[in-house]
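Results of the structural survey
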Amino acid sequence: MHTCRDCGKVYSSKSKDIGLCPECLRVRLSRTWKRQMKFYGMSCLAGALLLVYVIWQVRTQQQAPAEHSMLWTGLAGLGGLALLGGLFGLALAVFFHYWHRKKNV
């Protein structure tokens, strides 16, 4: 017999004990995917805003100085990585959210 560390309910488990009853584990898993969706959505937004800022700065300059070209290239790369990484992580989190949801049978 084990005690849940979130709700304090006593439960029995034959598998490896992680300290949570099945109900608390299901709720925590559901919150995990939602929290990851928020994080990756913010990452997509930050990457897109950084790309828009870099493109706007490069297009509005009268002449592109050579010392700033590496800075703009690095910022554009960082924005692209944040955007594409955020999209991949968001798709993965949405997939697992729907995979682990409780089915009403």
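Please read these numbers as outputs of a predicted model, since none were measured by experiment. (Residues numbered from 1 in each chain as written. Predicted model: local features only at pLDDT ≥ 70, side-chain atom pairs only at ≥ 80, totals over all residues. Heavy atoms only, no water.)

**Some remarks on the overall build of the chain**
Which entries qualify depends on this criterion: Under the DSSP-based scheme used, a helix requires at least four consecutive residues in state H or I and a strand at least two consecutive residues in state E, with every element numbered from the N terminus. Exposure classes here rest on a 1.4 Å probe applied to the protein chains alone. A residue is buried below 20% of its type maximum, exposed above 50%, and partly exposed in between. Only heavy atoms enter the contact rule, under which two residues are in contact if any of them lie within 4.5 Å. Only the protein chains shown count as cover for residues, with accessible areas throughout obtained via the Shrake-Rupley method and a probe of 1.4 Å.
Check the secondary structure of the chain and you find 2 helices and 2 strands. Counting the 105 residues in the chain, one finds 18% classified as buried. A fraction of 45% describes how many contacts in the chain between residues 6 or more apart in sequence connect residues 24 or more apart. Roughly 8,300 Å² of accessible area belongs to the chain as shown, and the carbon and sulfur atoms make up 65% of that amount.

**Things to note about the packing of aromatic side chains**
Our working rule: Two rings from Phe, Tyr or Trp (for Trp, the six-membered ring) form a pair when their centres sit within 6.5 Å of each other. Planes less than 30 degrees apart are called stacked, planes more than 60 degrees apart edge-to-face, and all others tilted.
The tally for this structure, following the rule as stated, stands at 6 aromatic pairs. Summarising the aromatic geometry, the rings of F39 and Y40 are spaced 5.3 Å apart at their centres and angled 65° between planes, so their arrangement reads as edge-to-face. By relative accessible area, F39 is classed as exposed at 57%. Among the aromatic side chains, those forming a connected cluster through ring pairs are W33, F95, F96 and W99.

**Brief notes about the environment of G19**
Inspection of the secondary structure assignment puts G19 in the loop between β2 (10–11) and α1 (22–60). Separated by 13 residues in sequence, G19 and D6 have C-alpha atoms that sit 8.4 Å apart. Once you skip the residues sitting within four places of it in the chain, G19 turns out to touch T3, C4, R5 and Y11.

**Some words on a nonpolar patch on the surface**
Cut-off, in case you're wondering: Two distance rules govern patches: like charges are joined within 9 Å, and nonpolar side chains (Val, Leu, Ile, Met, Phe, Trp, Tyr) within 5 Å, applied only to residues with over 30% relative accessible area and no salt bridge. Throughout this description, the term salt bridge denotes a Lys or Arg side-chain nitrogen within 4 Å of a carboxyl oxygen of Asp or Glu.
A cluster of nonpolar side chains, namely F88, L92, F95 and W99, defines an oily patch on the protein surface of about 470 Å² accessible area. By secondary structure assignment, the location of L92 is in helix α2 (residues 66–99).

**Overview of the pattern of salt bridges**
Scanning the model with the defined rule gives 1 salt bridge in all. Here K9 and E23 are joined by a salt bridge, their closest N and O atoms 2.9 Å apart. In this pair, K9 sits in the loop between β1 (2–3) and β2 while E23 sits in helix α1, placing the two residues 14 residues apart along the sequence. Owing to a relative accessible area of 39%, K9 belongs among the partly exposed residues under this scheme. Judged by relative accessible area, E23 falls into the partly exposed class, the value being 40%.

Coordinates in, geometry out; function isn't part of it.
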